[in-house]
Amino acid sequence: MYESIVHGYPGHHSLAGQLNQLGDLPLPEKDKKYSWVLSLNAAEASIIRSIYIQTSPENKVKVDSLEDEIYRSFSAKLNNREVAERSVAYGKSIASKIFKWSKNDGGHRGYLSNFDAKMIMPEGHGSWKAPFFAQTISRLPLHPHWGNNRTFLLADTNWKMPSFYPYDSSRQSVYYKHFMEVYLANKKITQEQKEIALWWNDDPSETYTPPGHSFNIASLVVKTKKPDLITAAETYARVGLAVADAFIVCWRIKYHFFSERPSTYVSEHIDDAWDPFWPDPPFPAFPSGHATQASAAAVSLIGLYGEKINFADDSHVGRPMDKNKNVTYKERSFHSFWEVAEETAYSRFLGGIHTAHDNAVGLDEGSKIGHHINDLKWKD
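Undergrad: Describe the environment of F152, with residues and values.
TA: Following the sequence through the fold, F152 ends up in the loop between α3 (81–102) and α4 (174–187). Given a relative accessible area of 26%, F152 falls into the partly exposed group. Contacts of F152, omitting those with residues within four sequence positions, involve L19, N20, W101, L241, A244 and D245.

Undergrad: Requested: an account of a nonpolar patch on the surface, with residues and values cited.
TA: Residues I48, I51 and Y52 make up a contiguous nonpolar surface patch of roughly 260 Å² in combined accessible area. Relative to the assigned elements, I51 resides in helix α1 (residues 36–51). The class for I51 is partly exposed, based on a relative accessible area of 41%.

Undergrad: Explain helix α6 (residues 210–225) residue by residue, including any values.
TA: Between its terminal C-alpha atoms α6 stretches 23 Å, which fits the 22 Å expected from 16 residues at 1.5 Å a residue. Of the residues making up α6, those classed as buried are P210, P211, H213, S214, I217, A218, S219, L220, V221 and V222. Buried residues in α6 make contact with α5 (191–199), α7 (229–257), α9 (289–305), β1 (308–313) and α10 (337–350). K226 occupies a position one or two residues after α6 and carries a positive phi of about 50°.

Undergrad: So what about helix α11 (residues 356–374)? Which residues, and what values?
TA: The end-to-end C-alpha distance of α11 is 27 Å, a good match for the 27 Å that 19 residues give at a rise of 1.5 Å each. Turning to α11, the residues buried within the fold contact α4, α7, α9 and α10.

Undergrad: Outline the pattern of salt bridges, supporting the account with residue identities and numerical values.
TA: A complete count under the given rule lists eleven salt bridges for this structure. For K330, the salt bridge is made with E195, and the minimal N-O distance between the two is 3.6 Å. Of the two residues, K330 is situated in the loop between β1 and β2 (332–336) and E195 in helix α5; the sequence distance between them amounts to 135 residues. Here K368 makes a salt bridge to D364, at a shortest N to O gap of 3.9 Å.

Undergrad: Go over the packing of helix α2 (residues 57–78) against α3, please, and point to the residues and values.
TA: Running from amino to carboxyl end, α2 crosses α3 at an angle of 140°, the nearest separation of the two axes being 9 Å. Classified by the angle their axes make, α2 and α3 are oblique. Residue-level contacts link Y71, S75 and L78 of α2 to V83, A84 and V88 of α3. Of the residues assigned to the contact of α2 with α3, the class counts are five nonpolar, one polar and no charged.

Undergrad: Describe the nonpolar core, naming the residues involved and giving the relevant values.
TA: Nonpolar side chains tend toward joint burial in soluble globular proteins. Judged by nonpolar contacts, the single largest core of 42 residues is most densely connected at W200, F311 and F337. Contacts of F311, omitting those with residues within four sequence positions, involve I217, L220, T224, R332, S333, F334 and V340. In this structure, Y2, L22, Y90 and I373 belong to the second largest nonpolar core, which totals 31 residues.

Rules behind the numbers
Residues numbered from 1 in each chain as written. Predicted model: local features only at pLDDT ≥ 70, side-chain atom pairs only at ≥ 80, totals over all residues. Heavy atoms only, no water. Helix = DSSP H or I, 4+ residues; strand = E, 2+ residues; numbered from the N terminus. Buried < 20%, exposed > 50% of the residue type's maximum accessible area, 1.4 Å probe, protein only. Contact = heavy atoms within 4.5 Å. Patch = residues over 30% accessible without salt bridge, like charges linked within 9 Å, V, L, I, M, F, W, Y side chains within 5 Å. Areas by Shrake-Rupley, 256 points an atom, 1.4 Å probe, with all protein chains shown as cover. Salt bridge = Lys/Arg side-chain N within 4 Å of Asp/Glu carboxyl O. Expected span 1.5 Å × (residues − 1). Axes fitted to C-alpha atoms, helices over the stretch in contact; angles between N-to-C directions. Parallel < 35°, antiparallel > 145°, perpendicular 65-115°, else oblique. Nonpolar A, V, L, I, M, F, W, Y, C, P; charged D, E, K, R; others polar. Core = buried A, V, L, I, M, F, W, Y, C linked by side-chain atoms within 4.5 Å.

These values are about where atoms sit, not about what they do.
Okay, structure coming up:
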């Protein structure tokens, strides 16, 4: 989206040559007129078709019809077929080059290999184990090699591992106290805390994913701030870089430590009848993926818009009431980007699937990624 229009806005810089292994991208013809809306429209439709080849025929028709409707609307206003066709061709050329680059990042069509049946999992105290109360029936951890994928930013390539508390079954240990804190919080969870926990659940089997939630927040920011086209495109570009690199970095850390979830430790040392408020996701705990991606997105948006913003998150409004949890999905109001990141992280603690340490480190690591995005040369 960003690259399909950036050369139409003097003072704004392409990310070609700035991102990891992204070389030159097609350039618009000099002294030729372009409709940047039509370029963006063609680029977006083209890349979505390339990426989501597995989607339903109905969804493919929706992509086609939306592209056609936008084209008809803006080309009619333009009333210049040569410019319209030139703009569409340019957008498609950008999408083609970027999609080709994406195919060798290590994660291309990753949904075809979610679990590695040949993986030899670490064993011993403190290691992740598949729980019985889980989000999936698989007994294997999800995408154990995702951390090997190419990051978008060179600065995110060689990541220094954060500190982690060593396993300890002693009741006086910091390790024990972290899990006891999760257990006690879950035993007395309030109605408001349940609402927070479910709002950020973002279970891909039920709704969109955690990055999808971050992208909806980006859309809410655009609707609230009403920026020009290039700034709107930059908003999505920043969030896209943030959530992508956050999950690569986070997964690299997760599978380095291969740490257990509260459900495992609590059942062994505190209460063998306890189930967390949420079922466990199928991968190691430390650090929180929600916290990492949310803070990366928040910091990258702060770099563009500043810290303060007032908006209502409507991401799950309209979902049926969760009768088992007695929770109705109501929009949540925020006054800063960092407030969003902190609540996202906190929700995982309330869900009973992360310790406060998992969340704190996730927020810290994600913040570093966000600052790396802000350090890119976006403008003169």
